[in-house]
Amino acid sequence: MSDHPDDHDAHDDLGHPPTAADLAAFARPEYRDDGPDKVTGRTQYVGDRVMPGMLFAAHLESQVPHGLIRSVDTTAAKQIPGVRAVLTGADIEPIRFGRRLQDRPVLVADRVRFIGDRIAAVAADTLEIAEAAVAAIEVEIDELPPILDVQAAIQPDAEILHPDAETYAYIGGTRPAVSHPNVQGKLVRCRGAEDIETVFAGAERVFEHVFTTPRQHHGYIEPHAALVWIDEAEVVHVATTNKSPFALRGQMSKALGIPPARIDIQVGAIGGDFGGKGYSIDEYSCYLLARATGRPVKSVSRYADELAAMNVRHASRIRLRTAVDADGRLLAHEADVLLDGGAYASAKVLPHLVVSGGVGTLSAYRIPHVKIVARTIYTNTVPAGHMRAPGEVQALFAGESHLDAIARELGEDPFAFRLKNVVRDGEIGAAGEVYREVRGAEMLENLRTAIDWGRPRPAGRGVGIALGARHISGGAIGLRLHLHHDGRIELITGLVDQGGGQTTMLRRVFAQAASVDISRVSVTRLTTAAAPVDPGVGGSRVTHIASRVAVRLAEELRAWIDERLPRALPDAAPGVKLRDDGIVEPETGSVLLGFDELAARLVEPDSPVELSAEFAAVAHGPDDPGDFNFAAVGVEVEVDPETGVVSILDAVIVADVGTIFNPIAHAGQIDGGFAFGVGAALMEELIVEGGNVVGRSLGEVRLPTIRDVPVLRQVLMPTTIGPGAYGSKMAGELSNVPVAPAIANAVADALSDLDVTVNALPLSPDRVRTLIRNATLERSRT
């Protein structure tokens, strides 16, 4: 399952397996390309940029969750010295934007749909003047009753939040039909019996639970920012924090009616992402203000804006029903997944407008009969979008907690119950996943040993486990190189590095595949006007496709050199080749010509040689095997019954990994993902009251700190069966997904004497105390 439209796997064109020399080279700790500039403060972000004549943008936002605009008076704002432009929705034609469905207005002209909807935009000489002008705008809104609950939104008599939806542009075909006007999108996975109710009716036992998860924010350090200017040739230049510049160019072209060739997107350093930087809102209003003033316009969000108006993780309500036979084998599974999409679907990119991980409730298990329906719903709340493993965090928490509750009710050991039902070679996952390599059972066996499952624990302590599988997606990517006369090799790319170490990986893979010293390889990122095509960062795809194109380009270089070796070395014997940064005689291993001298002989002094390569992962059909990473997490916790505080005493992840290119970054991704999962499990919640996000700082949403995260023991299970070069796989969205259900199951185990099922996140002290109190009361009644 991927959250990207180019959902591909290269199943018929896998990269060659690594040699011992390859593994030794990649095992050496990497030196991050961007490290020195970042730690010394030299790195420039979009928010740091300044241009001559630059203006600053500010926006007037709705303070009510739902209402009709009666009037907007900008008279006083326009009279403030230093104000250069004031725009409202009435001043511009209806312009809406989005990654797939363009349903979000740049400036609202009629109906506000959440607290944070933008009503007016100002450009001024300073930010202070712009904000003063915003404060001077008078707006009258006739408030309407807000819809704040997903179940209420899809009732037959619910007010339609987007009555003009048929006029919205949809990128890439026709928007799929929906069953209710307040449904953004729907994704269905069905297998087995057409009438699944007959299977439930004949089952030995049927279990049903409802789970809920809250909204979360990504917690990146750098807020969104944009700087837009229009040159004399009417080319729109956009400096942005967006991690998918080519996609953004297409979205802006569609929304603004500007040909893609007249939009040039440039991305510099990005200060964190976690799924949030694939979506942008400031670029559109900045363009309109730049067009109105003829000057560059910059906007930098505040965290209050980020938390209240950007694309947060979907809150969810998930009802699961599962049937088992007399032997405890899973027979049927039904899931009704409701995801709160907020006021707009504009942050979602897949054609069905659902974060597809939402169907992954029990993907790692063999279930003959399945009906999973996931829907995203319009409400009058902050719009939701993509966040690290979108949809899967919610679905797996529900699925793995549900599985533990079933095992307890049946009196079965959670490990044994999972091993009995886990998908095996040749079998299909619950949502129809076809795995090239199935590793769930061996993950569980290794986890059982690592967590010391059978060891007795004292009262108040518990152990929990969870198993998940994350799909590795693909796409089309290009890469060029310039070989210079002095031996320098410059890789030209459109790939963005949002902090994950992508350019470091490109250099390491290319240098190893080309057999040149990495010190001569550099990476240059160009704007969309000049860079090779790139699908953007996300969907766990980058290592897969970027490593593959790097190897292809290295092969192009080697072939180019081979063709010209007779000219460089007229007397060389047959079989000489590029190896170890020079031309080497194969029998003796002696270096006949160093790479610097080779380049000097083959490349003219002032004109580099340019070579290029492309890679497009082959799309796999529903019956073709796909590439996945499995991960199993085990935690031991202690629950204080008086305070409700949950303390993690031990934590282990058993991770399915391919060839690792950046060992330090890989370890950091797994550790960081675990910390991400701890936050989701124990503390993070974007609280919305009456449609209003009440916590407007990262401190209030309680991101985990080093004191909250225990030492994570990593048990890596390597394989060379991966879609990337040298059998590589992904890491960025591997470790965060199973953490919350493992912690929830550990808490339930610690409170086993009360027979509780943890059905909501986060497990804050207040929630745990309530859980204990309610279970104690229920027990006293019986």
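What counts and how
- Residues numbered from 1 in each chain as written.
- Predicted model: local features only at pLDDT ≥ 70, side-chain atom pairs only at ≥ 80, totals over all residues.
- Heavy atoms only, no water.
- Helix = DSSP H or I, 4+ residues; strand = E, 2+ residues; numbered from the N terminus.
- Buried < 20%, exposed > 50% of the residue type's maximum accessible area, 1.4 Å probe, protein only.
- Contact = heavy atoms within 4.5 Å.
- Areas by Shrake-Rupley, 256 points an atom, 1.4 Å probe, with all protein chains shown as cover.
- Lys, Arg positive; Asp, Glu negative; His and termini not counted.
- Charge placed at Lys NZ, Arg CZ, Asp CG, Glu CD.
- pLDDT = per-residue confidence, 0-100.
- Axes fitted to C-alpha atoms, helices over the stretch in contact; angles between N-to-C directions.
- Parallel < 35°, antiparallel > 145°, perpendicular 65-115°, else oblique.
- Left-handed = near helix turned anticlockwise from the far one by under 90°.
- Nonpolar A, V, L, I, M, F, W, Y, C, P; charged D, E, K, R; others polar.
- Salt bridge = Lys/Arg side-chain N within 4 Å of Asp/Glu carboxyl O.
- Pairing = 2+ DSSP bridges.
- Expected span 1.5 Å × (residues − 1).
- Bend = angle between axes of the 7 residues up to and from the residue.
- Phe/Tyr/Trp six-rings, centres within 6.5 Å; stacked < 30°, edge-to-face > 60°.
- Lys NZ or Arg CZ within 6 Å of the ring centre and 35° of its normal.
- 1 Å grid on protein atoms, 1.4 Å probe; cavity = no way out; pocket = protein on both sides within 12 Å on 5 of 7 lines; lining within 4 Å.
- Points joined across faces, edges and corners; volume = space filled by probe spheres on them.
- Polar contact = N/O pair within 3.5 Å; in protein donor to acceptor, adjacent residues only side chain to side chain.

**A closer look at the overall build of the protein chain**
So, step 1. Each helix and strand counted, the protein chain has 19 helices and 32 strands in total.
So, step 2. Each principal axis of the C-alpha atoms in the protein chain carries an extent, and together these give about 95 × 75 × 50 Å.
So, step 3. Buried residues in the protein chain amount to 59% of all 782 residues.
So, step 4. Once local pairs closer than 6 in sequence are excluded, the contacts in the protein chain between residues at least 24 apart make up 82%.
So, step 5. Roughly 28900 Å² of accessible area belongs to the protein chain as shown, and the carbon and sulfur atoms make up 51% of that amount.
So, step 6. Across the protein chain, 76 positive and 105 negative side-chain charges occur, with their mean positions spaced 1 Å apart.

**Digging into the confidence of the model for the protein chain**
So, step 1. Model confidence for the protein chain is summarised by a mean pLDDT of 95, while 97% of its residues fall at 70 or above.
So, step 2. A low-confidence stretch, residues 1-13 (pLDDT under 50), is modelled with 76 contacts involving residues beyond four sequence positions or located in other chains.

**Quick word on the packing of helix α16 (residues 663-682) against helix α18 (residues 739-750)**
So, step 1. Contact geometry for α16 and α18: axes closest at 8 Å, N-to-C directions at 50°. Accordingly, the angle class assigned to the pair α16 and α18 is oblique. As for the relative orientation of α16 and α18, their crossing is right-handed in sense. For the pair formed by α16 and α18, the contact residues are F674, G677, V678, A681 and L682 on the first element and V739, A740 and I743 on the second.
So, step 2. Of the residues belonging to the contact of α16 with α18, the class tally is seven nonpolar, one polar and no charged.

**A word on the pattern of salt bridges**
So, step 1. Counted according to the given criterion, the structure contains 51 salt bridges.
So, step 2. The salt bridge involving D336 is made with R375; its shortest N-O contact spans 3.1 Å. Of the two residues, D336 sits in strand β18 (residues 330-342) while R375 sits in strand β19 (residues 369-378), which places them 39 residues apart along the sequence. The burial state of D336 is the same as that of R375; both residues are buried.
So, step 3. Several salt bridges converge on common partners, so that one network encompasses D452, R455, R457, R461, E636 and E638.

**So, the sheet that holds strand β13 (residues 225-230)**
So, step 1. Across the sheet, which stays open at both edges, the seven strands sit in the order β3-β8-β1-β16-β13-β14-β15 with mixed pairing between neighbours. Sheet topology places β3 (83-88) and β15 (263-267) at the edges, where each strand pairs with a single neighbour. Direction aside, neighbouring strands of the sheet carry axes that sit 20° apart on average.
So, step 2. Looking at chain direction, β13 and strand β16 (residues 297-300) are connected through four bridges and run antiparallel. From the neighbouring strand, A226 faces β16, where its bridge partner is S299.
So, step 3. Lying on the sheet, helix α7 (residues 245-256) is in contact with β14 (236-240) and β15; it crosses β15 at an angle near 145°.

**So, helix α14 (residues 542-568)**
So, step 1. Compared with the 39 Å implied by 1.5 Å per residue over 27 residues, the 36 Å span of α14 between its first and last C-alpha is a close match.
So, step 2. Where α14 bends most, at D562, the angle is about 35°, and the proline P566 comes one to four residues later.

**Some details on the sheet that holds strand β21 (residues 476-483)**
So, step 1. Strand order in the open sheet formed by four strands is β23-β22-β21-β27, with mixed pairing between adjacent strands. Of all strands in the sheet, those bounded by a partner on one side alone are β23 (521-525) and β27 (609-616). When the angles between neighbouring strand axes are averaged without regard to direction, this sheet yields 25°.
So, step 2. Contacts from helix α13 (residues 502-514) reach β21, β22 (489-493) and β23, with the element oriented near 140° to β23.
So, step 3. Along the sheet, α14 makes contact with β21, β22 and β27, crossing β27 at roughly 140°.

**Let's talk about the environment of L557**
So, step 1. In this fold, L557 is placed in helix α14.
So, step 2. Judged by its relative accessible area of 0%, L557 falls in the buried class.

**A word on the packing of aromatic side chains**
So, step 1. Overall, the coordinates contain eleven aromatic pairs when judged by the stated rule.
So, step 2. Three or more aromatic residues joined by ring pairs make a cluster, and in this case those are F26, F661 and Y726.
So, step 3. Over the aromatic face of Y220 sits the side chain of K277, whose NZ or CZ is 4.5 Å from the ring centroid.

**Things to note about empty space enclosed by the protein**
To find leftover empty space, one rolls a probe the size of a water molecule over the atoms.
So, step 1. For the structure shown, the criterion picks out six cavities of 30 Å³ or more.
So, step 2. Each pocket or cavity is described by its volume, and for the largest cavity that value is around 110 Å³.
So, step 3. Contributing to the lining of the largest cavity are 18 residues, with E392, L396, G468, A469 and V737 lying nearest its centre.
So, step 4. Each residue belonging to the lining of the largest cavity can be placed in one class, and the counts come to ten nonpolar, five polar and three charged.

**Let's talk about the environment of E778**
So, step 1. As for its placement among the helices and strands, E778 is situated in helix α19 (residues 765-781).
So, step 2. Note: C-alpha distance between E778 and G98 (680 residues apart in sequence) is 48 Å.

**Side note on the side chain of S363**
So, step 1. Within the element layout of this structure, S363 appears in the loop between β18 and β19.
So, step 2. Within the local environment of S363, its side chain forms a polar contact with the side chain of E433, the two groups lying 2.6 Å apart.

**Some remarks on the pairing of strand β1 (residues 55-61)**
So, step 1. Burial analysis of β1 places six of its seven residues in the buried class, the great majority of the element.
So, step 2. Of the strand pairs in this sheet, β1 and strand β8 (residues 118-124) are connected by six bridges, and their pairing is antiparallel. Each residue of the ladder has a partner; that of H59, found in β8, is A121.

**Structural notes on unusual backbone geometry**
Excluding glycine, most residues fall at negative phi; most peptide bonds, likewise, are trans.
So, step 1. Cis peptide bonds are those with omega within 30 degrees of zero, and the linkage from L761 to P762 qualifies with -5°.
So, step 2. Note that P762 resides in the loop between α18 and α19.
So, step 3. A positive phi angle, near 60°, is found at L353, a position not held by glycine.
So, step 4. Inspection of the secondary structure puts L353 in the loop between β18 and β19.
So, step 5. For L353, a relative accessible area of 1% puts it in the buried group.

**Re the packing of α13 against α14**
So, step 1. Put simply, α13 and α14 touch, their axes get as near as 8 Å, and they point 35° apart. α13 and α14 meet at a crossing whose hand is right-handed. Residues Q502, M505, L506, V509, F510, A513 and A514 of α13 pack against V542, T543, A546, S547, A550, V551, L553, A554, L557 and R558 of α14.

**Some points on α13**
So, step 1. Over its 13 residues, α13 extends 18 Å from the first C-alpha to the last, a length consistent with the 18 Å expected when each residue adds 1.5 Å.
So, step 2. Within α13, twelve of the 13 residues are buried, which leaves the element mostly enclosed by the surrounding structure.
So, step 3. Regarding α13, the residues found buried are Q502, T503, T504, M505, L506, R507, R508, V509, F510, A511, A513 and A514.
So, step 4. Where α13 ends, the next residue or the one after it, S515, has phi of about 60°, a positive value.

**Brief notes about the side chain of D273**
So, step 1. Its place among the elements puts D273 in the loop between β15 and α8 (282-293).
So, step 2. Engagement of the side chain of D273 in a polar contact is seen with the backbone nitrogen of G275, the distance being 3.0 Å.

**A short note on the environment of Q155**
So, step 1. Among the secondary structure elements, Q155 is positioned in the loop between α5 (150-153) and β10 (169-170).
So, step 2. Separated by 538 residues in the primary sequence, Q155 and V693 have C-alpha atoms spaced 25 Å apart.

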